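# Chains, contacts and geometry: an overview
Each chain, letter by letter, is given below.
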Amino acid sequence: MRAIWRHWIGWGLGLGLGWAAPAGALAPLSTGAPGSAGAAAQAAAAPSLAGERAAARSHLAELLALGLLGEALAFGQPLIAAGQPLADDGSLRALVARALASAGRESEALALLEGAALPEPERVPLTLERARILIDQDRLEEARALLQRPGGSGLPALYPEEPDCWFLLARVHARQGRLDASALLAKRFLQLAPLDGQAASAWHLIAQEALSRGDAEAAAKALERHRFLEEWHGLFRARRLQAFRAPEAALPRLGLGLLWMRVERFAEAEAEFLAALERDAQLESACFQLGEARRLRGDSDGALAAYDRGVALAPQDLELRSNRGLLRLSLGQAEGAADLEFVVAQEASARPAFAPVFLGLARHLAASAPQRAAELYARYRDLGGREPLEPAAGGPPPEDG
Amino acid sequence: MRRLPLLPLLLVPGACREQPSPPAEQPPAAPAAEIRAGPQVFPDQAAERGLSYVNRSGEPSKATVLEANGAGVALLDLELDGDLDVVFSQGLENLAQAVSGPGADLAPFLNDGQGRFAAAAPPGLSGWWTGLATGDLDGDGRDDLIAAGYGGLEALLQDGQGRLAPRADAGLFPADAPPGARLVPGAPREPRQIPWWATSVALADFDLDGVLDLYVGQYLELDPLAPPRGQLGEGALAIPCIWKGHEVFCGPRGMPAQPDRLLLGNGDGSFRSAGAEQLPEERPAYTLGVAPFDADLDGDSDIYVANDSMPNRLWINDGAARFVDHALAAGVALNQDGMAEAGMGVAVADVDRDGRFDLCVTNFSDEPTQLYLGAKVGYRTATYQYGLGAETRRLLSWGVHLCDFDGNGWVELLTANGHVYPQADRQDTGTRYGQAATLFELGPAARVRRVEPGGPRSLLAPELGARGSAVGDLDGDGAPDVVLARIDGPAALGINDLGQDSKRLQVLLRGPAAPGEGPRRTSRSAHGALLIAVPDFPPSVPEAQQFALLGEVQTGGSFQSASSPWVHFGLGRFERLAYLEVRWPSGRSERIEGLRAGRRVVIEEGRGLVSEEEF
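Here the structure is a predicted model, which means the values were calculated and not measured.

This next bit is on the side chain of Asp 317 of chain A. Residues and elements named next belong to chain A. On the secondary structure map, Asp 317 appears in the loop between α15 (300–313) and α16 (318–330). With a relative accessible area of 11%, Asp 317 lands in the buried category. There is a polar contact of 2.9 Å between the side chain of Asp 317 and the backbone nitrogen of Leu 320.

This is the structure we're talking about:
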């Protein structure tokens, strides 16, 4: 997947989902992993133990998300055995309980959740996990009692800082037939965790409520968001599984980076493209995408470095030359024109995708070579471009692409 | 005249029609008769009654997805003697045999009227057979059969002696079908030629011309010469075929799906392909279950399609066999969490007696059997309120029936179960490979209660996997029995002795022998006719406790199977009907008054009650 100046048409497919998650939000490949409740206790721990906790949680969550149940149990159960340094970690304990429940050992899971004598912050993930199991057992009222603040005023969720609490409560209400309450809770969940693994389900709950009101337009919008997220998470899971099974392979990491680009998470995308290049230094497409991720983050120097590396590997690559040239011109570096001249001289550039190159070069030459600029602009129009030759004052670079 | 809780229209956006009367409130539950069974519920009497079919479905290790899906079963009258005979489909020892041959044939068994069976001559097919559908294809008054398979699809017409014979040139594979769409065991075959794999098939008169049409559910592209093993794809981007960490056969996810097909009947046992505009939104999907029914109660047959790991479909018919999928808007495409589940089988009935058809869809393990109740708009998920989530999520279920087995006026839920992966028996999977069939009471408490088997011979006892299942009164006692097509083993025949004090009525509808002349006609086997049975309530029964029962003539549904064309009504303690209203596909309505329980009646359009006999 490549694009020229794709930034200007947006990676989020125009869904306006507000992908940028707030600091401390859930990890994208959610496992619905227990969140930040144990953060205070974690922060107080020795740095080495805190790192160990984080790594253990992350690995266990990944094993569960990839469906590697046996491996998850083999990894997680010893960690929380009595006397082990991480035995007091509520999040880890909750993940092990989830693995046990998935293995059909729900009574063991509940015993693990209910029998732990942990300090209050560490108990929150245990409570949420218990509620999840009760929901699976159709014990909806019991689950609701665990999740909902007693009394009728204020925030309904007992743990309002925990996205999972909102989502699970939404699920309880939906299963009990209260779609209106379910939709409200799901919306709050999405504000907290728009890219969570359960976000697609939350949008579906919202769609169902809209359908029940006969609001087809709202339902269609919510279903569109649901479909996008469902597909995105499916692809993400597949790429993670490929990366897990072939940790030295570059292509799964490249695929993961592209998925992050689709949801405008450029920092995560950059990390994956770098990981791909660590595994295959000759992967010029990773250079191009790395350049894109950096450019879209506003790191122009880093982007140019990535494009340079790519062009060194593939001097004839039109996309690399196009974006390097356009970026250089936008930075006032006139040598960018050479890249664009190279591109427009190639037959393969006579495609709408390259229209911005003709426009960019035409604008660059408008003052110094107006006849040549006019020819390039005419070709830009032939390729479907609709912007004027003269850019609006302070306006963005070409937006076709 | 007693007040009928009139059928409220199921409003499906864009496909609705105004119903003249407002929806009635759901009446309070009438006192229900407890299930009173013998010591064993549905005792399996297949062996002593001669139903000696033994399924073959590939290797025990289940190396390919084809081997996991097992067979179907059909109940139909093969000799015009008024009883139900049984036909099973059949697979092979392994996938390679599907290419090399010899292929399998169907396995028919003839009923002596008392529920004792003898194997009959098979029709002479050769293939790997899966789904079966029943109905009168040529209007001669005899039940015929469609046999679907992996690269096979045949129309079998019944002759005067009760034998089924394949109809030549039935038009089931169009002339422009790709090479290899039909798989003939033993015939030369090129690599990368992909058979059309039909799973569940269903007959109904979709265009209301008095001739049965055929919906063919198709599954996925499996190359018999190069089935995937261990992983899909190659190199670093290969996806391992694993489930809960165990290596299993590949599919369906990651394998190309095949589109379903609609074939229109010509009235002589042959078919022609419907135009693309008739299933305009059809996209390839892993279809496993197909159930025609009148979803919007507008007099034509719509179709619910259960897809494996893809959204289910609710095809709404405009009366001319032009369909639009409304599943998503109707709330029956996905589960409540928005996930596509692994739909396997479908059952249709009025579970809550509100005058709307409800749907039950069986799914994979870790996914419950879903119950969707018809609502004013679309459907609402009732799975969890009924407690079905907890009861069924460990099961992988296939054949499914919503049927009033105990005759108390409320339908029960029966599912045939069994996992696809033998690896399910390994540690920490949360499920098992062999699974017993399950029976649940659903009403009147709107909460499931699992019926215990009561003994080892019960159909519900042995933890053996089953796939197809069909329901019908095989021993002539008026109570619907159950046939299970178990996988890799002997079939089961569960004789129903539930609710022995309950009053029951069986109805067989027949379209006119001579085709009608109106724009809409009823097929000879009356597929799609609606029945509304209103008991003759004694004055002591308050009006609020009175009810009506809704039925429809459809033999399709369940998984790869066809059930009895007889419509069963359980009347509880009520001795007779005030009336039975029949709404024929032709648009005519007839009302038969005073029918008594304990009877088997035949009603023909335009002629009314044509026969009646006691059980």
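This part covers the environment of Ala 285 of chain B. All names here are of chain B. Structurally, Ala 285 can be placed in the loop between β16 (271–273) and β17 (287–293). On the basis of relative accessibility, which here comes to 6%, the residue Ala 285 falls in the buried class. Between the C-alpha atoms of Ala 285 and Ser 309, which are 24 residues apart in sequence, the distance is 8.6 Å. Those residues in contact with Ala 285 that lie beyond four places of it in its chain are Gln 218, Tyr 219, Ala 257, Gln 258, Asn 307 and Met 310.

Any two side chains of opposite charge can pair, so long as their charged atoms come close to each other. Tallied over the full model, the rule gives 60 salt bridges over all chains. Across the salt bridge formed by Arg 457 of chain B and Glu 48 of chain B, the nearest N and O atoms sit 2.5 Å from each other. Note that Arg 457 of chain B is positioned in the loop between β28 (449–450) and β29 (466–472) and Glu 48 of chain B in the segment before β1 (73–76), a separation of 409 residues in sequence. A relative accessible area of 49% places Glu 48 of chain B in the partly exposed class. One salt bridge in this structure joins Asp 354 of chain B and Arg 356 of chain B, with 3.0 Å as the shortest N-O distance. Where salt bridges share partners, they join Glu 106 of chain A together with Lys 244, Asp 366, Arg 393 and Arg 394 of chain B into one cluster.

The subject of this paragraph is the state of the cysteines. Put plainly, two cysteines are in a disulfide when a covalent bond ties their sulfur atoms together. Residues and elements named next belong to chain B. Inspection of the entire model under this criterion finds one disulfide over all chains. Cys 241 shares a disulfide with Cys 250; S-S distance 2.0 Å. Disulfide Cys 241-Cys 250: the torsion about the S-S bond is 100°, which places it as right-handed. Of the two residues, Cys 241 and Cys 250, neither departs from the other in class, the shared state being buried. In this model Cys 403 remains outside any disulfide bridge; the closest cysteine sulfur is found in Cys 360, 13 Å from its own.

Summed over the entire model, instances satisfying the criterion amount to 22 aromatic pairs over all chains. Taking 5.2 Å as the distance between ring centres and 50° as the angle between the ring planes, the aromatic pair formed by Phe 167 of chain A and Phe 189 of chain A counts as tilted. Of this pair, Phe 167 of chain A sits in helix α8 (residues 163–175) while Phe 189 of chain A sits in helix α9 (residues 179–192), and the two are 22 residues apart along the sequence. Phe 167 of chain A sits in the buried class, given a relative accessible area of 0%. Judged by its relative accessible area of 0%, Phe 189 of chain A falls in the buried class. A centroid spacing of 4.1 Å and a plane angle of 5° characterise the contact between Tyr 53 of chain B and Phe 88 of chain B, whose relative ring orientation is stacked. Here Phe 88 of chain B lies in strand β2 (residues 85–88) and Tyr 53 of chain B lies in the segment before β1, a separation of 35 residues in the sequence. Taking the relative accessible area as the measure of exposure, Phe 88 of chain B reaches 0% and is therefore buried. What links up through ring pairs into an aromatic cluster is the set Tyr 150, Trp 197, Tyr 219 and Tyr 286 of chain B.

What counts as what
- Position labels on residues start from 1 in each chain and follow its written sequence.
- In the order they appear in the text, chains get letters beginning with A and ligands get numbers beginning with 1.
- Restriction of local features to residues with pLDDT of at least 70 applies here, the model being predicted, together with a cutoff of 80 or more for giving and counting side-chain atom pairs; totals for whole chains, interfaces and linings are based on all residues.
- In computing side-chain values, all of the structure's heavy atoms are included and hydrogens and water are not.
- Numbering goes from the N terminus for both helices and strands, where a helix is a DSSP run of H or I of at least four residues and a strand is a run of E of at least two.
- Think of it in three bands: with a 1.4 Å probe and only protein chains considered, a residue is buried below 20% of the maximum accessible area for its type, exposed above 50%, and partly exposed in between.
- N or O atoms closer than or at 3.5 Å make up a polar contact, with two conditions inside protein: a donor-capable atom paired with an acceptor-capable one, and, for residues adjacent in sequence, both atoms drawn from side chains.
- Residue contacts are defined here by distance: any two heavy atoms, one from each residue, within 4.5 Å place the two residues in contact.
- Salt bridge criterion: a side-chain nitrogen from Lys or Arg within 4 Å of a carboxyl oxygen from Asp or Glu.
- The definition used for a disulfide is geometric: two cysteine sulfur atoms within 2.5 Å.
- Only Phe, Tyr and Trp rings take part, Trp by its six-membered ring, and two of them pair if their centres are within 6.5 Å. Stacked means planes under 30 degrees apart, edge-to-face means over 60, and tilted covers everything else.

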